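Chain residues, written in single-letter form:
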Amino acid sequence: MRVQSSAIASTGIAVPAPAKSFGTLQAALGVAAFSLTFPATAWGLEGFGPWSLVAVRSVLAALVAAGCLSALRVPMPNRRDRPGLAVVAVGVVVGFPLLTTLALQTSTTAHAAVVVGLLPLTTALLSALRMGTRPSRTFWTAALAGAAAVVAFTVQQSGGALTTADLYLFAALLVCAAGYTEGGRLARVMPGWQVIAWALVLCLPIGVPAAALALSYEPVHLTAHSVAGLLWVAAGSQFLGLVVWYRGMAAIGIPKASQLQLAQPLLTLVWSVLLLGEHLTVAAPLTAAAVLVCIAVTRRARG
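If you're wondering where the values come from, they're calculated on a predicted model, not measured in any experiment.

(A) Highlighting the overall build of the protein. When its secondary structure is counted, the protein shows 13 helices and zero strands. Mapped from its N terminus to its C terminus, the protein presents α and β elements in the order α-α-α-α-α-α-α-α-α-α-α-α-α. Here the C-alpha coordinates of the protein stretch approximately 50 × 50 × 30 Å along the principal axes. Residues classed as buried in the protein amount to 52% of the 303 residues present.

Here it is, written out as structure tokens:
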């Protein structure tokens, strides 16, 4: 208990350079997976209702997670870790997918990317409060600058208008940041993939009846797009992406890993052009350059 607790509380653990590099790669792969979430959700909404899409994706991801846990004979998590897993479940498995899916009924993916632009800063703030991390002034300056650049770009893309969907997006921002923070903390004491796997399994008793109820009320029109979108948000975004993301956060720290997400809105916009046919303005490469500079600064700033 004492060794485990000190591992959680310490912010000065020496991590070998190769491990940090691999951690950065894993976090970046997580960001790449997440960047497809909004376009895949838009595809899924072509054939499913919002409640059905969220419930079914949760059940499918939970079944994959349960299969992995069973095949590897992973023991039940410690009782002291279960409250943290519940936070991950509420924030990442249920809250963020549901709120963003409801928002995407009336919002474009470009506008929804506003929440992603603010997520790294919110995650770093919650991490500082929850885990006692104290990033440097340079880190915060670069993080704020990067967040401001992303928000300015995405708001400009959406015309600057605030809609009802923004309430869903800002709520999603808060619950997801809480889930990321708690998941990153738990990934220091258990393998990262087990964090999201147990969080998914924890939701299974609620997800199955919720999916059955939603499917009975919302019509389903299966298309190639809707099926592909559902499969991606279930397996890619909800499970595999979070596996590498939590492993990356455990290796390089929550604040620095979260700043890699500054690139996520730009990636989402690229996918939106390729997959949804949305228009991309010339401001995109300028914002991308600014974001990459901010990421470089935060990666080198001392926490």
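(B) Structural context of a nonpolar patch on the surface. A contiguous nonpolar patch, built from Leu60, Leu63, Leu215, Val220, Leu222, Val227 and Leu231 and spanning about 580 Å² of accessible area, is present on the exposed surface. Those elements that place two or more of their residues in the nonpolar patch are α4 (50-71) and α10 (224-252). Mapping leucine 222 onto the fold places it in the loop between α9 (192-217) and α10. Assessed through its relative accessible area of 61%, leucine 222 is described here as exposed.

(C) Broad picture of helix α5 (residues 82-103). A rise of 1.5 Å per residue sets the reference length of α5, with its 22 residues, at 32 Å; its end C-alpha atoms lie 30 Å apart and thus fit the reference within 8%. The largest bend in α5 comes to about 40 degrees, at glycine 95, with the proline proline 97 one to four residues further on. Counting buried positions along α5 gives 16 out of 22 residues, so the element sits mostly inside the fold.

(D) How the structure looks around the packing of aromatic side chains. Summed over all chains, the structure comprises five aromatic pairs. Measuring from centroid to centroid gives 6.5 Å for phenylalanine 38 and phenylalanine 96, while their planes differ by 20 degrees, and the two rings are stacked. On the criterion of sequence distance, the pair formed by phenylalanine 38 in helix α3 (residues 37-44) and phenylalanine 96 in helix α5 is long-range, its members being 58 residues apart. In this structure an aromatic cluster arises from ring pairing among Phe34, Tyr180 and Trp245.

(E) Quick look at the nonpolar core. Tyr180, Val195, Ile196, Leu200, Leu242, Trp245 and Tyr246 are the most contacted members of the largest nonpolar core, which totals 62 residues. Excluding residues within four positions of it along the chain, tryptophan 245 makes contact with Gln26, Ala27, Gly30, Val31, Phe34, Tyr180, Ala257, Ser258 and Gln261. If you look at the next biggest cluster of nonpolar residues, it comprises seven residues, including Phe48, Leu53, Ala55 and Val59.

Calculation rules
- Residues numbered from 1 in each chain as written.
- Predicted model: local features only at pLDDT ≥ 70, side-chain atom pairs only at ≥ 80, totals over all residues.
- Heavy atoms only, no water.
- Helix = DSSP H or I, 4+ residues; strand = E, 2+ residues; numbered from the N terminus.
- Buried < 20%, exposed > 50% of the residue type's maximum accessible area, 1.4 Å probe, protein only.
- Patch = residues over 30% accessible without salt bridge, like charges linked within 9 Å, V, L, I, M, F, W, Y side chains within 5 Å.
- Areas by Shrake-Rupley, 256 points an atom, 1.4 Å probe, with all protein chains shown as cover.
- Salt bridge = Lys/Arg side-chain N within 4 Å of Asp/Glu carboxyl O.
- Expected span 1.5 Å × (residues − 1).
- Bend = angle between axes of the 7 residues up to and from the residue.
- Phe/Tyr/Trp six-rings, centres within 6.5 Å; stacked < 30°, edge-to-face > 60°.
- Core = buried A, V, L, I, M, F, W, Y, C linked by side-chain atoms within 4.5 Å.
- Contact = heavy atoms within 4.5 Å.

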